[in-house]
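Structure assessment
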Amino acid sequence: MSTIAAISTAPGVGGIGIIRLSGEEAFVIIKKVFSPQNNSKIEGYKIKYGRIVNPKTKEIIDEVLVSFFKAPKSYTTEDMCEINSHGGNVIIQSILNVCLENGAVLAEPGEFTKRAFLGGRIDLAQAEAVVDIINAKTKAEAINSEKQLEGYLSKRIKEIRKILIELMVDIEASIDYPEYDVEEVTKEASGKSLKEALVLVKKLESTFEEGKIIKEGIRTAIVGTPNAGKSSLLNAILKEDRAIVTEIEGTTRDLIEEFVNIKGIPLKIVDTAGIRQSEDLIEQIGIKKSLKAINNSELVIAIFDSTKELSKEDLEILELVRNKNAIIVLNKEDLNNNIVETDKRILEMGKSIIKISALKNEGIEDIYKEIEKMFNLNEINVNDGEIVTNTRHKEHIRKSIELVEQALEEINNNMPIDVTSISIKQALEQLGKITGDSVSEDIIKEIFLKFCLGK
Ligand code: GDP
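Below or above, wherever it landed, is the structure these notes cover. (Residues numbered from 1 in each chain as written. Predicted model: local features only at pLDDT ≥ 70, side-chain atom pairs only at ≥ 80, totals over all residues. Heavy atoms only, no water.)

**Comments concerning helix H2 (residues 89-101)**
Heads up, the condition is: Secondary structure counts use DSSP, requiring at least four H or I residues in a row for a helix and at least two E residues in a row for a strand, with both numbered from the N terminus. Expected span of a helix, by definition, is 1.5 Å for each gap between consecutive residues, and there is one gap fewer than residues.
Counted at 1.5 Å a residue, the expected span for H2 with its 13 residues is 18 Å, and the 18 Å between its end C-alpha atoms agrees. At the exit of H2 stands Gly-103, carrying a positive phi of roughly 120 degrees.

**Side note on unusual backbone geometry**
Stated precisely, the cut-off is as follows: Summary of the burial criterion: residues with accessible area below 20% of their type's maximum are buried, those above 50% are exposed, and those between are partly exposed, where the area comes from a 1.4 Å probe applied to protein chains only.
Across the junction of Ala-71 and Pro-72, the peptide omega takes the value 0 degrees, indicating a cis bond. Considering the arrangement of structural elements, one finds Pro-72 in the loop between strand S5 (60-69) and strand S6 (80-86). The phi dihedral of Thr-77 falls on the positive side, at around 80 degrees, and the residue is not glycine. Considering the arrangement of structural elements, one finds Thr-77 in the loop between S5 and S6. For Asn-376, which is not glycine, the phi dihedral falls at a positive 50 degrees. You can see Asn-376 is positioned in the loop between helix H14 (364-374) and helix H15 (391-412). Asn-376 sits in the partly exposed class, given a relative accessible area of 43%.

**Considerations on the site of the ligand**
As a reminder, the rule being used: One heavy atom within 4 Å of a molecule or strand makes the whole residue count as near it. Here a polar contact is taken to be a pair of N or O atoms separated by no more than 3.5 Å, where protein atoms must pair a possible hydrogen donor with a possible acceptor and residues adjacent in sequence count only if both atoms sit in side chains. For the area figures, the Shrake-Rupley method with a 1.4 Å probe applies, and any residue is considered shielded solely by the protein chains shown.
With respect to spatial proximity, 16 residues lie near the ligand, and among them Asn-227, Lys-230, Ser-231, Ser-232 and Asp-334 are the closest. With respect to the ligand, the backbone of Asn-227 contributes an N or O atom lying 2.8 Å from an oxygen atom. In this structure, an oxygen atom belonging to the ligand sits 3.0 Å away from a side-chain N or O atom of Lys-332. Computed on the free molecule, the ligand has an accessible area of 580 Å², of which 78% lies beneath the protein chains in the complex. The element that contributes the greatest number of residues to the shell around the ligand is helix H9 (residues 230-240), accounting for three residues.

**Some points on a nonpolar patch on the surface**
Under the convention used in this document: Only residues above 30% relative accessible area that lack a salt bridge enter a patch, with like-charged residues linked at up to 9 Å and the nonpolar side chains Val, Leu, Ile, Met, Phe, Trp and Tyr linked at up to 5 Å. The term salt bridge refers to a pairing of a side-chain nitrogen on Lys or Arg with a carboxyl oxygen on Asp or Glu at a separation within 4 Å.
Together, Ile-47, Tyr-49 and Leu-65 line one region of the surface with nonpolar side chains, adding up to about 280 Å² of accessible area. Among the structural elements, Ile-47 can be located in strand S4 (residues 46-53).

**Points about the sheet that holds strand S7 (residues 105-106)**
Paired through backbone hydrogen bonds, the strands of a sheet run either parallel or antiparallel to each other. What counts here: Strand pairing follows a simple DSSP-based rule, namely that at least 2 bridges must link the two strands. Residues count as neighbours in contact if any of their non-hydrogen atoms are within 4.5 Å of one another. The convention used is that axes are lines fitted to C-alpha atoms, helices contributing only their stretch in contact, and that angles between N-to-C directions extend from 0 to 180 degrees.
Spatial ordering of the open sheet is given by S3-S4-S5-S6-S2-S1-S7, a layout of seven strands whose pairing is mixed. Among the strands making up the open sheet, the edge pair consists of strand S3 (34-36) and S7. Pairing of strand S1 (residues 4-7) with S7 involves two bridges; the strand directions are parallel. Of the residues in S7, the one forming a bridge with Ile-4 is Val-105. Against the sheet, helix H3 (residues 111-118) engages S1, strand S2 (16-22), S6 and S7, with an angle of about 135 degrees to S1.

See the structure below:
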């Protein structure tokens, strides 16, 4: 395999930049371009100080530190070097170029991790966890993905596969060697193994909902009539949170979505541009806009000015959230003039009612507690790495459930065991696609193209 090189740090100016080299020729190439201060021989797990020099022009490119990792104990399982240079674009690019001129080829996105997979150091699910760690928008997702990189999810998959493989071995022995006295695989025995496997895959399936929450957050809409206090509440939430991720997917304000991480609970507040616009363009925020935000969300925070009688519009909002996961927030509690809390039309909604003062930042904590309760957030345990967040994994888990169920049905219908064995084999294949035990070259290629360069 060729020796690859790439810039592993993000583009832009920084304190240091890292250029990575991996492959059989990594140490040969580095020897050509690196002039260490101490000219001792190259060994693994050492860091050397020196200069990158263009061997042709003798030009000194930068003062660097080079770390050496010897195969097979490296990220890729191959010989590897990491050049730590100063963090300017020009310098980093020049170092990469000199490596390319001296025998390395430019790595494809994800190629370092792909080699770790092909080298057998990690399986496919672990490799995919690397992308999830890099792209994690919430702390919970990052922790879950770290655990998946350690192999927690793969271990679960392997346990399930083991049950099915053992069953297949028994079935095939009884089909292939009827002349030997192999105990015939009974309907009961295979039914028992299949049910055991089914419980375990279904347990993974049951984490999908949590997986969606930790990966994508809870899509939350803040709705209310003008002056109820929507933007004040949004500001109170944003102020509280120091780790905001703001996603700007387009150039217009309308496309702004805000990710708020409150004690590990990711809320994705939709249509914040609409809320903000209401400050200058009150007439724009009408029922129509609220309707869109409500339909788009998994949680609605409906906010009302507690010092004013419910208006016709307030009642329309109540109607819109009646069948939604909604929290009713009564704002401006600091004015001590709450005339809405006893309003029957609010009480009969049967929703949680939280009294706050967005202005004074009071009661916001109670909203969070309510959200925790509504979505069972306290029960989400990311430390086992068993929460399935990856869409590809979900698909294969779903298909394997269908196939195991199909096998069970075939057994119940007294179908010949070789028919059932086909369904079991297919279920095994689906699970194997998660860890990469049974997956095609094309899919592997596709998966690694999602990585960034240099990873
Ligand atoms: P929006 O139109 O729903 O976004 O409402 P705003 O957040 O812009 O608030 C409307 C007005 O109510 C502003 O003058 C705020 O200062 C005021 N306001 C918002 N929350 C409170 C609160 O908790 N107490 C008091 N006294 N005033 C508030």
